[in-house]
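Fold and contact review
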Amino acid sequence: MKDIKHIPPFSGKSASNLYTVAFYNLENLFDTRNNPNTLDDDFTPGGEKRWDDKRYQNKIYKLGKAISEIGYQAAKTAPSIVGLAEVENQYVLQDLIDSKNLNGYDMGYVHFNSPDERGIDTALLYRKRDFEVINSEAIPLLIDNVDGARDYTRDILYVKGVLNHQEVHVLVNHWPSRRDGAAQTDYKRIEAAKTIHSVMDGIKEEEADPNVIIMGDFNDDPMSTSIKDHLMLPDLYNPMSKLVDPFNKGSLSYRSRWNLFDQIIFTNNFFEDTPGTHSFAHADVFDRMFLREWHGRFKGNPFRTYAGRKYLGGYSDHFPVYVLLKKND
């Protein structure tokens, strides 16, 4: 199997055969309406965050701008596929694809409401010219807390589709958080990895050599136990393992150290160069300056929407991550 450091730089390839696949945790993309069935009260005009239409529209505009520019320097166009985390519902997704910087790309979305108590879900945006959805479903993540009660967390979004005439399977994840401690919650993310294996086993019963892309906010780094020891299989490759640097690079920062919780992993057949297929060309964190804090104590960190209760008006507390795929003629 090829190693990322031996792959030729993508700058020499024609933009016409490069396609961007991205993932972005949007940091609480809620609308301003109260949903009585979820814990979204903070994100209402009368709530703790004072989340009103002006703040919502500002976030929609900024997220649309960020998404439109992921991979643009190389591919010269917006991403073909974008996995998302922390979206509330179909209405915010529609507003997002209708926003100024995305509305010219004819994008669709796939979304299911999950049992998450706060009402935040995963979703998939896609450009209709590049990607056609065949079918999709929400895969429940059945995990209990230490007291035996169900942990109502995000489902895994599974989408089977066709990317430029090549069938692919996309799994969008937002694994259980570390809020109660990384070690104490590790078993939940290990169970999520096992769930992914179960889904892949089902796909392999139908296809001998499926093209699978696993993306998400895993709340663990590439070298964490849940990823390295439980998710990764011999037929999977994680380009993000080459990118993580606790002191210089990641997709989010915590206590002055970088983590790379946001990752895109794929099957080894994305290294093949058979005509009609896609091959891996490049991977990176999309951490352009406009997405960063530009001054103060947190200079260089993701320019987030909130810091606690304080409204900052930024994009997200995560940077997007992406891979470039080359279409083989």
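Please read all numbers here as calculations on a predicted model, not as lab measurements. (Residues numbered from 1 in each chain as written. Predicted model: local features only at pLDDT ≥ 70, side-chain atom pairs only at ≥ 80, totals over all residues. Heavy atoms only, no water.)

So, on to the overall build of the protein. Helices and strands together make up the secondary structure of the protein, namely five helices and 16 strands. Here the protein has a C-alpha radius of gyration of 19 Å; the compact-globule value for 329 residues is 20 Å, and the two agree. Taking the principal axes of its C-alpha atoms as reference, the protein extends roughly 55 × 45 × 40 Å. For the protein, with 329 residues in total, the buried portion stands at 57%. For the protein, contacts bridging at least 24 residues in sequence account for 70% of all contacts bridging at least 6. Both charge centroids of the protein, one from 40 positive and one from 48 negative side chains, sit 9 Å from each other. (Helix = DSSP H or I, 4+ residues; strand = E, 2+ residues; numbered from the N terminus. Rg over C-alpha atoms; globule rule 2.2 N^0.38 Å. Buried < 20%, exposed > 50% of the residue type's maximum accessible area, 1.4 Å probe, protein only. Contact = heavy atoms within 4.5 Å. Lys, Arg positive; Asp, Glu negative; His and termini not counted. Charge placed at Lys NZ, Arg CZ, Asp CG, Glu CD.)

The next thing to look at is the sheet that holds strand β6 (residues 156–163). With respect to topology, six strands assemble into an open sheet ordered β5-β6-β7-β8-β12-β9, the strand pairing being mixed. The sheet is open, and its two edges are formed by β5 (131–139) and β9 (236–237), each paired on a single side. As paired elements, strand β8 (residues 212–217) and strand β12 (residues 262–267) share five bridges and run antiparallel to each other. The residue of β12 that forms the bridge with Ile 214 is Ile 265. (Pairing = 2+ DSSP bridges.)

Quick look at the sheet that holds strand β1 (residues 18–29) now. Spatially, β3-β4-β2-β1-β16-β13 is the arrangement adopted by the six strands of the open sheet, whose pairing is mixed. Two strands in the sheet have a free side with no partner beyond their single neighbour: β3 (107–111) and β13 (278–285). Each neighbouring strand pair of the sheet contributes to a mean axis angle of 20 degrees, computed without reference to strand direction. Pairing geometry for β3 and strand β4 (residues 121–127), over five bridges, is antiparallel. If you follow Val 110 over to β4, its bridge partner there is Leu 124. Contacting β1, β2 (81–87), β3 and β4, helix α3 (residues 90–97) runs over the sheet at an angle of about 165 degrees to β3. (Axes fitted to C-alpha atoms, helices over the stretch in contact; angles between N-to-C directions.)

Taken from the UniProt record, the annotation "domain: Endonuclease/exonuclease/phosphatase" (unreviewed entry) applies to residues 20–327. With 20% helix and 31% strand, residues 20–327 has its two end C-alpha atoms placed 11 Å apart. (UniProt positions renumbered as here; feature names shortened; annotations may be inferred.)

Moving on to unusual backbone geometry. Of note in the backbone geometry, Asp 106 takes a positive phi value of approximately 50 degrees without being a glycine. Structurally, Asp 106 can be placed in the loop between α3 and β3. You can call Asp 106 partly exposed: its relative accessible area is 47%. Here the phi dihedral of Ser 256 falls at roughly 70 degrees; this positive angle occurs in a residue that is not glycine.

In the contact formed by helix α1 (residues 53–69) and α3, the axes pass within 9 Å of each other and the chain directions differ by 60 degrees. Between α1 and α3, the crossing angle belongs to the class labelled oblique. The element α1 and its partner α3 pack so that their crossing is right-handed. Seen from α1, the contacting residues are Tyr 56, Ile 60, Leu 63, Gly 64 and Ile 67; seen from α3, they are Tyr 91, Val 92, Asp 95 and Leu 96. In the contact of α1 with α3, the residues fall into seven nonpolar, one polar and one charged. (Parallel < 35°, antiparallel > 145°, perpendicular 65-115°, else oblique. Left-handed = near helix turned anticlockwise from the far one by under 90°. Nonpolar A, V, L, I, M, F, W, Y, C, P; charged D, E, K, R; others polar.)

Our next topic: the pattern of salt bridges. Tallied over the full model, the rule gives 17 salt bridges. Taking the shortest distance from any N to any O, the salt bridge between Asp 151 and Lys 188 comes out at 2.9 Å. Taken together, the residues Asp 151 in the loop between β5 and β6 and Lys 188 in helix α4 (residues 182–206) connect sequence positions 37 residues apart. For the residue pair Asp 151 and Lys 188, the accessibility class agrees, reading buried in each case. One network of salt bridges, in which partners are shared, links Lys 249, Asp 284, Asp 287 and Arg 292. (Salt bridge = Lys/Arg side-chain N within 4 Å of Asp/Glu carboxyl O.)

Now for the side chain of Thr 20. Summarising the element assignment, Thr 20 is placed in strand β1. The exposure class assigned to Thr 20 is buried, which follows from its relative accessible area of 1%. Setting aside residues no more than four positions away along its own chain, Thr 20 makes contact with Ile 70, Gly 71, Ala 75, Pro 79, Ser 80, Ile 81, Tyr 322, Val 323 and Leu 324.

With that settled, the discussion passes to the side chain of Thr 195. Position of Thr 195 among the secondary structure elements: in helix α4. For Thr 195, a relative accessible area of 13% puts it in the buried group. Beyond its immediate stretch of four places on either side in the chain, Thr 195 contacts Ile 139, Pro 140, Leu 141 and Ile 156.

Here the structure, examined in full by the defined rule, presents 21 aromatic pairs. Relative to Phe 218, the ring of Trp 175 lies with its centre 4.7 Å away and its plane at 90 degrees, an arrangement referred to as edge-to-face. Here Trp 175 is found in the loop between β7 (166–174) and α4, whereas its partner Phe 218 is found in the loop between β8 and α5 (225–231), with 43 residues between them in sequence. An aromatic cluster is defined as three or more aromatic residues linked by ring pairs; in this entry it consists of Phe 30, Phe 43, Trp 51, Tyr 56, Tyr 306 and Tyr 311. Just above the ring of Tyr 311 sits the side chain of Arg 55; from NZ or CZ to the centre is 4.0 Å. (Phe/Tyr/Trp six-rings, centres within 6.5 Å; stacked < 30°, edge-to-face > 60°. Lys NZ or Arg CZ within 6 Å of the ring centre and 35° of its normal.)

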